[in-house]
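Geometric and topological summary
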Amino acid sequence: MCHFTQRSSTLSFPKMCNICWRFHHTSTSHLCSCSKTVSDEKYQDPFQLGRKDLKNLYEDIKKELLVSTAELKEMCDYYFDGKGKAFRPMIVVLMARACNIHHNNSREVQASQRSVAIIAEMIHTASLVHDDVIDDANSRRGKMTVNQIWGERKAVLAGDFILSAASVALARIGNTTIISVLTQVIEDLVRGEFLQLGSKENENERFAHYLEKTFKKTASLIANSCKAVSILGCPDPKVHEIAYQYGKNVGIAFQLIDDVLDFTSCADRLGKPTAADLKLGLATGPVLFACRQFPEMNAMIMRRFSKPGDVERARKYVLQSDGVQQTTYLAQRYCHEATREISKLRPSPEREALIQLTEMVLMRDK
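Residues numbered from 1 in each chain as written. Predicted model: local features only at pLDDT ≥ 70, side-chain atom pairs only at ≥ 80, totals over all residues. Heavy atoms only, no water.

**Comments concerning empty space enclosed by the protein**
The tally for this structure, following the rule as stated, stands at two cavities of 30 Å³ or more. If you trace the largest cavity, you find 16 residues lining it, with Q196, G198, H209, L282 and A283 closest to the centre. For the lining of the largest cavity, the secondary-structure elements that each account for two or more residues are α10 (176–197) and α11 (203–233). Among the elements that make up the lining of the largest cavity, the one with the highest residue count is α11 (four residues). (1 Å grid on protein atoms, 1.4 Å probe; cavity = no way out; pocket = protein on both sides within 12 Å on 5 of 7 lines; lining within 4 Å. Points joined across faces, edges and corners; volume = space filled by probe spheres on them. Helix = DSSP H or I, 4+ residues; strand = E, 2+ residues; numbered from the N terminus.)

Pasting the structure below:
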């Protein structure tokens, strides 16, 4: 199993291709072994297990967003409607419990740890509002985006306000280490967006660029939120690293599957248009793998699929290639690494749920 460093989320392209080649020649029964780590007796539904600690999550978030302006309040509350999966807060509270149990067998989530879960969801949602402005998106979670309803300028301000409210909640925790860890997420989000706006000509650099962008835009939030609650619950730096590595690997796998679903799922399931990344000029994992079989895609990648017919042709090439399969195999590798890391903690229902979660990430269809 490959070891990933804390600050880097990249693998060189040749090494990654070797990884996927080995996966390609492995039987299916060995590919999805994450679920076999959890026996039927030990099976824990992560969402059921985390539900207690996430009760009234969105009501508590709205309390952080108290504003006098009715329109701004309506905009800020728009995505906090209780219909989201609360995927990130759920990981955070499960990690908090797993680390607390590992340290002193405490089965309670501290108030400060729950605050991290709330802050993580607020940062994530603020980033969605800003992303939709940058991408000029018109749908999110099956409904119109904030920017489509209220306009881009007000949407940017709403995202800024949610982020500022998250910062106030973070300061209230009163721990400078936690503030440092979670403000790293905001820096990574900005750097990741700049990476997404750029591109690389060299094939090896292109995949490293893609994985670094994936880490910064998606995985950093999960990794650093997990690290934050581990710091609050346990003094052992080794546990902090375990929590960070688990969150990082699950986060990267989550985005890789998201990039696969952009080609394989229907718009009704996703809650947003398919082939959205191609239309934005983005070359994700399935495209970069497909490029190995269809080199003519290189020119399309460099012009960001801007010529008429580029999007349709690229989508066809991806579906004709093994790009989707190879990206899925890579996501499986990240999930295996996440499982390996979290298995270092003392056994607990929460640890088993976090292991089970890696399988759920791979199996999701929206």
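**Let's talk about the packing of aromatic side chains**
Going through the model one piece at a time under the given rule, you end up with seven aromatic pairs. Connected via pairs of aromatic rings, a cluster forms that spans Y78, Y79 and W150. A cation sits over an aromatic face here: R88 above F254, 5.4 Å from the ring centre. Above the plane of the ring of F254 lies R364, whose end atom (NZ or CZ) is 3.7 Å from the centre. (Phe/Tyr/Trp six-rings, centres within 6.5 Å; stacked < 30°, edge-to-face > 60°. Lys NZ or Arg CZ within 6 Å of the ring centre and 35° of its normal.)

**So, the layout of surface pockets**
Estimated volume of the second largest pocket: approximately 180 Å³. Lining of the second largest pocket is provided by F47, G50, R51, L54, K55, L57, Y58, G82, G84, K85 and A86. Among the secondary structure elements, those contributing two or more residues to the lining of the second largest pocket are α3 (46–54) and α4 (57–64). With four residues, the top contributor of residues to the lining of the second largest pocket is α3. Of the residues contributing to the lining of the second largest pocket, the split by class is five nonpolar, three polar and three charged. (Nonpolar A, V, L, I, M, F, W, Y, C, P; charged D, E, K, R; others polar.)

**Points about the packing of helix α9 (residues 152–173) against α10**
In contact at an axis separation of 9 Å, α9 and α10 are set at 160° when each is read in the N-to-C sense. Taken together, the axes of α9 and α10 lie roughly antiparallel to each other. For the element pair α9 and α10, the recorded crossing hand is right-handed. Every residue of α10 that contacts α9 at L163, L170, A171 and I173 is listed here: I178, I179, L182, T183 and I186. Looking at the contact of α9 with α10, its residues break down into eight nonpolar, one polar and no charged. (Axes fitted to C-alpha atoms, helices over the stretch in contact; angles between N-to-C directions. Parallel < 35°, antiparallel > 145°, perpendicular 65-115°, else oblique. Left-handed = near helix turned anticlockwise from the far one by under 90°. Contact = heavy atoms within 4.5 Å.)

**Considering the packing of α11 against helix α15 (residues 285–293)**
Here α11 crosses α15 at 165°, and the two axes come no closer than 10 Å. The angle between α11 and α15 falls in the class roughly antiparallel. Of the two elements, α11 crosses α15, and the hand of that crossing is left-handed. From α11, E203, R206, F207 and Y210 reach across to α15, where they touch G285, L288, F289, C291 and R292. Of the residues that constitute the contact of α11 with α15, the class distribution is five nonpolar, one polar and three charged.

**Considerations on helix α7 (residues 111–135)**
Taking 1.5 Å per residue as the helical rise, α7 with its 25 residues ought to reach 36 Å, and the 36 Å between its terminal C-alpha atoms agrees with that figure. Counted residue by residue, α7 has 20 buried out of 25 residues, so it is predominantly covered. Just downstream of α7, D136 is the residue with a positive phi angle, here 55°. (Expected span 1.5 Å × (residues − 1). Buried < 20%, exposed > 50% of the residue type's maximum accessible area, 1.4 Å probe, protein only.)

**Quick word on the environment of V146**
With respect to the element layout, V146 can be found in helix α8 (residues 146–150). What makes V146 buried here is its relative accessible area of 2%. The sequence separation of V146 and D132 amounts to 14 residues, and the corresponding C-alpha distance is 7.9 Å. If we ignore the near neighbours within four places in the chain, the residues touching V146 are M75, Y78, Y79, G151 and A155.

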